[in-house]
Amino acid sequence: MSAYRFPLVCSTALLLCLCFSCQQNPQEETDRNAVSQQSQAEAESGQTSATGQTSEPAVQTSNVISKQPAETETKTIDPKMVITPGKPMTVERYQAVKAKLKGLGLGLHNSHDEHRAFLPSAEEHPEYYDENGQLKVSWRVHILPYLGQKPLYEQFKLDEAWNSPHNAPLVKRMPDIYRSPDTPADSDKTRFRVFEGQWKKNSRGSESPTTIFPQGKPARIRDIRDGSSNTVMVVEAGPDKAVEWTRPGGLNSEHPKAEFGNAARGIPVLLSDGATLCFKRDIDEGKWKDLIDPNDGKVMDWREFLIIHTTLKPKQIQILQQLRMIAVAFFRYTDKYQRFPPADEQLVDGKPLLSWRVHLLPLLGQDALYQQFKRDEPWDSPHNKTLLEKMPGFYQFGPQGNPGTTRIMTFSGEKSPFPGGPGPRFRDITDGSSNTILFVIAAPDKAVPWTKPEDLPFDSANPIKALGALSTPDFPAIMFDGSLASVPVNIPAATLSKLIQPDDGMITGAELKPYRPQ
């Protein structure tokens, strides 16, 4: 994966999701009398939908695969995966949609790495565009190589229309990533849509896109002046808005709410930074337009209309909140100092006087506390020692012995990410930020004074020993990309060592599960 900060900003978004939204009740969507599964299948098959509208006709080709009746198709669809217009969707359905949006985000960003834009440009490939500046086949076709679908991609003639005699039969080969959880298995239509826009002159007189997918030429990350974490890239629309997956074009950004069709109460969205969220459909149309426009100068605080789908208990959510707050603070620190803590100016004779936990305080809303420290004195000086009792709650994780002690620690020492001296830079994590541990929660017997510049000594022969007497079968590890992983206590020493060392050239390949607090 490339070095773009795709997962890092996702972590920021996830933190905000947990901090500022109400928990979605997974049972709220069990009543589905308003819309039957049969009517939804009809909507995505081009038949009359529950609203009495007819969706776009399917492509007619000489080798169209015959369909079974809609009732037969939908018998295997889990009722939890079916939406009711205007009603909340289930946790299970949202998680399924979220996984697909995340995959699409990775595909689009990997495409950007190759083309220096999200899609191929008209300058490099004028044959891909029609006389109106629109791609002849959908963006969904162009990112197939980055979705593990290169053989299918190579069957398309990209210089021909999506419904040309050659390309039309390929409509029937829609990859599963474009299929919503309640889309019939033999449907060739997708509900994963983008908003199509134009290029216009902004207030500074330069060209800017009105959406991430403007006609004429593709947008680049640098065109997203409002911030990639504030700009919508892809949405899942209602079943009546499904289109053939190879058909170019997009939704009308001038009237976004109407474009969602018979969608649920929440609209799953992929932001341009890769975060996958769910926004309330009924927010003001102007706010939707601000979220879609990448360069209108209006940065939305979308926390107020965010919907959270989770089965976690409040205590579990609190733990995840704390971990993600600390992770985001690390990333904000790197933005300021171009490295992880400590920065050069926070060292005396090459050594820190205070813990990295202290230096993160201003980035955690605790600048007033930070200013109370005498940063030219050691952590246990008569003055600084009085601040031990003021440890913020986000450094407190369960039992940890004496007051003012914490179990949040990095690995330190030779061959670790923090060997001593200035902290590492992102470019130093050559094994990959998703493959290297940033910090962990150690056992209670390893808790240290939170202001003391002490962490877990790394021993490549027996790295688990440093974490102390762990009482759970796994421990949480926050990776350098901001993801939260669950590491088994019985993980082989060699594997854990590879996860700790940032530049040993050894990628473990270990598939760690996402961390879920006990």
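Residues numbered from 1 in each chain as written. Predicted model: local features only at pLDDT ≥ 70, side-chain atom pairs only at ≥ 80, totals over all residues. Heavy atoms only, no water.

A. Examining the overall build of the protein chain more closely. From N to C terminus, the protein chain includes 13 helices and 24 strands. By residue count, 53% of the 518 residues in the protein chain fall in the buried class. Taking contacts inside the protein chain between residues at least 6 apart in sequence as the whole, the part at least 24 apart equals 71%. Carbon and sulfur atoms form 49% of the exposed surface of the protein chain, whose accessible area is close to 22500 Å². (Helix = DSSP H or I, 4+ residues; strand = E, 2+ residues; numbered from the N terminus. Buried < 20%, exposed > 50% of the residue type's maximum accessible area, 1.4 Å probe, protein only. Contact = heavy atoms within 4.5 Å. Areas by Shrake-Rupley, 256 points an atom, 1.4 Å probe, with all protein chains shown as cover.)

B. Geometry of the sheet that holds strand β22 (residues 474-479). One open sheet holds the 5 strands; their spatial order is β17-β19-β22-β23-β24, and the pairing between them is antiparallel. The sheet is open, and its two borders are formed by β17 (408-409) and β24 (513-514), each paired with just one other strand. Sheet topology note: the strand β23 (residues 484-488)/β24 ladder contains 2 bridges and is antiparallel. Paired with Ala-485 across the bridge in β24 is Pro-514. Along the sheet face, helix α13 (residues 493-500) touches β19 (437-441), β22 and β23 and points at about 120° away from the line of β19. (Pairing = 2+ DSSP bridges. Axes fitted to C-alpha atoms, helices over the stretch in contact; angles between N-to-C directions.)

C. Fine view of the sheet that holds strand β8 (residues 232-236). Here 4 strands make up an open sheet; going across it, the order is β3-β8-β11-β12 and the pairing antiparallel. The sheet is open, and its two edges are formed by β3 (192-193) and β12 (276-280), each paired on a single side. Judged from the 5 bridges that link them, strand β11 (residues 266-271) and β12 form a sheet pairing that is antiparallel. In the sheet register, Pro-268 faces β12, and the bridge partner there is Cys-278. Packed onto the sheet, helix α4 (residues 91-115) meets β3, β8, β11 and β12 and runs at close to 25° relative to β11.

D. Layout of the environment of Asn-384. Relative to the elements of secondary structure, Asn-384 occurs in helix α12 (residues 382-385). Judged by its relative accessible area of 0%, Asn-384 falls in the buried class. Spatially, the C-alpha atom of Asn-384 lies 8.3 Å from that of Gln-372, the residues being 12 residues apart in sequence. When neighbours within four sequence positions are excluded, Asn-384 is seen to be in contact with Leu-354, Phe-373, Lys-374, Glu-377, Pro-378 and Trp-379.

E. How the structure looks around the packing of aromatic side chains. Summed over all chains, the structure comprises 20 aromatic pairs. For the pair Phe-340 and Phe-480, a centre-to-centre distance of 5.0 Å together with 85° between the ring planes defines the contact as edge-to-face. Pair noted here: Phe-340 is in the loop between α9 (314-337) and β14 (347-348) and Phe-480 is in the loop between β22 and β23, with a separation of 140 residues, a long-range link. Here Phe-418 and Phe-480 contribute two aromatic rings whose centre-to-centre distance is 6.4 Å and whose plane-to-plane angle is 20°, an arrangement assigned as stacked. Separated by 62 residues along the polypeptide, Phe-418 in the loop between β18 (411-412) and β19 and Phe-480 in the loop between β22 and β23 bring together distant segments of the chain. Accessibility expressed as a relative area gives 0% for Phe-480, which makes it buried. (Phe/Tyr/Trp six-rings, centres within 6.5 Å; stacked < 30°, edge-to-face > 60°.)

F. Representation of helix α8 (residues 285-292). For α8, the complete set of buried residues consists of Trp-288, Asp-290, Leu-291 and Ile-292. The inward-facing, buried residues of α8 contact β4 (195-197), β8, α7 (256-259), β11 and β12. In this structure Asp-284 caps α8, since a side-chain oxygen of it lies 2.8 Å from the backbone nitrogen of Gly-286. (Polar contact = N/O pair within 3.5 Å; in protein donor to acceptor, adjacent residues only side chain to side chain.)

G. Layout of the pattern of salt bridges. Counted according to the given criterion, the structure contains 21 salt bridges. Linking Asp-182 and Arg-191 is a salt bridge whose minimum nitrogen-to-oxygen distance equals 2.9 Å. In this structure Asp-182 comes out as buried when scored by relative accessible area, which is 2%. Take Arg-191: its relative accessible area is 1%, and that puts it in the buried class. Between Asp-223 and Arg-220 there is a salt bridge whose closest N-O contact spans 3.0 Å. Within the structure, one salt-bridge network assembled from shared partners comprises Arg-93, Asp-182, Arg-191 and Glu-236. (Salt bridge = Lys/Arg side-chain N within 4 Å of Asp/Glu carboxyl O.)

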